[in-house]
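# Structural features, examined
Residues per chain are reported as follows:
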Amino acid sequence: MAKGIAFFDFDGTITTTDSYFQFLLYCFGWKGVIGKAMNILPILFSYAFKFCDNETAKQSITNTFFRGMDEKKFDELCKNFINEKVDKIIRPNAIDKIKWHLKEGHKVYIVSASFTKYLKYFAQKYNIGVIATELEVVDGKLTGWFASRNCWGPEKIDRINESVPDLDTYDDTYGYGDSIGDKVGMLTIVNHPQYRVF
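Just so it is clear, the model here is predicted, and its values are computed rather than measured. (Residues numbered from 1 in each chain as written. Predicted model: local features only at pLDDT ≥ 70, side-chain atom pairs only at ≥ 80, totals over all residues. Heavy atoms only, no water.)

## A look at the overall build of the chain
- For the chain, the helix and strand inventory stands at 8 helices and 7 strands.
- Computed over the C-alpha atoms, the radius of gyration of the chain is 17 Å, within 12% of the 16 Å expected from 2.2 N^0.38 for a compact globule of 198 residues.
- Counting over 198 residues, the chain shows a buried share of 48%.
- Look at the contacts in the chain between residues 6 or more apart in sequence, and 65% of them connect residues 24 or more apart.
- If you sum the accessible surface of the chain, you get close to 10,200 Å²; carbon and sulfur atoms cover 52% of it.
- When the 25 positive and 25 negative side-chain charges of the chain are each reduced to one mean point, those points stand 6 Å apart. (Helix = DSSP H or I, 4+ residues; strand = E, 2+ residues; numbered from the N terminus. Rg over C-alpha atoms; globule rule 2.2 N^0.38 Å. Buried < 20%, exposed > 50% of the residue type's maximum accessible area, 1.4 Å probe, protein only. Contact = heavy atoms within 4.5 Å. Areas by Shrake-Rupley, 256 points an atom, 1.4 Å probe, with all protein chains shown as cover. Lys, Arg positive; Asp, Glu negative; His and termini not counted. Charge placed at Lys NZ, Arg CZ, Asp CG, Glu CD.)

Okay, structure coming up:
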């Protein structure tokens, strides 16, 4: 029997919008998000005008919003966010495709720049894997820093190869993405690349 494996981007592919921003709103509300964002306006403007990259901007946002938060509290927020909010931004066609791959006996992974800490709760619903951005925790609290590179663009290729070292033994490899980072990254290492199909 032929072996198959599929890699799904999350934000904009499985979802209709950016889940990280939705997560910030869930945790802090509009007032809290605007208040904290005022502290990093230079970084936000730099990112908007392409003067700094995705990883630098996201790292700064994460540090500003979550530095010092208790890991257990953060984990509870992650779990509740997935259970209470994420279904509203999910693309049904993407879920149907995940279920099709599982029915075919394929391995399925979410490969995302969003955080493993909340994506794992989404993945558990379908018994699929997660390759995503890790957060640093010291003494039970978030430091606000990443414990891995931001899982975007070329980093997705490195993380896939690290997590699935036998990728070249699969007969059918599928990738689903919606961004230029996926188009020039993850989708170049599969034999069934799917760009913005949902």
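## Brief notes about the environment of isoleucine 160
- With respect to the helices and strands, isoleucine 160 occurs in helix 7 (residues 154-163).
- By relative accessible area, isoleucine 160 is classed as buried at 0%.
- Distance in space between the C-alpha atoms of isoleucine 160 and phenylalanine 74 is 26 Å, their sequence separation being 86 residues.
- When neighbours within four sequence positions are excluded, isoleucine 160 is seen to be in contact with Phe7, Val111, Ile131, Leu167, Met186 and Ile189.

## Comments concerning the nonpolar core
- Counting 40 residues, the largest nonpolar core has Ile14, Phe23, Phe66, Tyr118 and Phe122 as the members making the most contacts within it.
- If one sorts the elements of this core by residue count, helix 1 (residues 19-37) sits on top with 6 residues.
- Residues within four places of isoleucine 14 in sequence aside, it is in contact with Phe8, Asp9, Ile89, Ile90, Arg91, Ala94, Ile95, Ile98, Ile110 and Phe122. (Core = buried A, V, L, I, M, F, W, Y, C linked by side-chain atoms within 4.5 Å.)

## Some details on the packing of helix 2 (residues 41-48) against helix 3 (residues 54-66)
- Two elements in contact, helix 2 and helix 3, have axes whose closest approach is 10 Å; the angle formed by their N-to-C orientations is 155 degrees. One finds that helix 2 runs roughly antiparallel with respect to helix 3. Relative to helix 3, helix 2 is oriented so that their crossing is left-handed. Where helix 2 approaches helix 3, its residues Ile43, Leu44 and Tyr47 are matched on the opposing element by Asn54, Ala57, Ser60 and Ile61.
- Class assignment of the residues belonging to the contact of helix 2 with helix 3 gives a composition of 5 nonpolar, 2 polar and no charged. (Axes fitted to C-alpha atoms, helices over the stretch in contact; angles between N-to-C directions. Parallel < 35°, antiparallel > 145°, perpendicular 65-115°, else oblique. Left-handed = near helix turned anticlockwise from the far one by under 90°. Nonpolar A, V, L, I, M, F, W, Y, C, P; charged D, E, K, R; others polar.)

## Quick notes on a nonpolar patch on the surface
- Together, Phe21, Trp30, Ile34 and Met38 make up an exposed nonpolar region whose accessible area comes to about 440 Å².
- Relative to the helices and strands, isoleucine 34 resides in helix 1.
- For isoleucine 34, a relative accessible area of 48% gives the class partly exposed. (Patch = residues over 30% accessible without salt bridge, like charges linked within 9 Å, V, L, I, M, F, W, Y side chains within 5 Å. Salt bridge = Lys/Arg side-chain N within 4 Å of Asp/Glu carboxyl O.)

## Re the environment of threonine 116
- The topology assignment puts threonine 116 in helix 6 (residues 116-126).
- For the pair threonine 116 and alanine 132, spaced 16 residues apart in sequence, the C-alpha to C-alpha distance is 5.1 Å.
- Looking at threonine 116, its side chain comes within polar contact range of the side chain of glutamate 134, at 3.0 Å. (Polar contact = N/O pair within 3.5 Å; in protein donor to acceptor, adjacent residues only side chain to side chain.)

## A few points about the packing of aromatic side chains
- Taken as a whole and assessed by the stated rule, the structure comprises 20 aromatic pairs.
- Between tyrosine 26 and phenylalanine 81, the aromatic rings sit 5.8 Å apart at their centres with planes inclined by 50 degrees, giving tilted as the arrangement. One end of the pair, tyrosine 26, is in helix 1; the other, phenylalanine 81, is in helix 4 (residues 71-84), and 55 residues separate them in sequence.
- Its relative accessible area of 23% is what places tyrosine 26 among the partly exposed residues.
- When its relative accessible area of 2% is taken as the criterion, phenylalanine 81 is described as buried.
- Positioned above the aromatic ring of tyrosine 170, the side-chain terminus of lysine 3 is 4.4 Å from the ring centre. (Phe/Tyr/Trp six-rings, centres within 6.5 Å; stacked < 30°, edge-to-face > 60°. Lys NZ or Arg CZ within 6 Å of the ring centre and 35° of its normal.)

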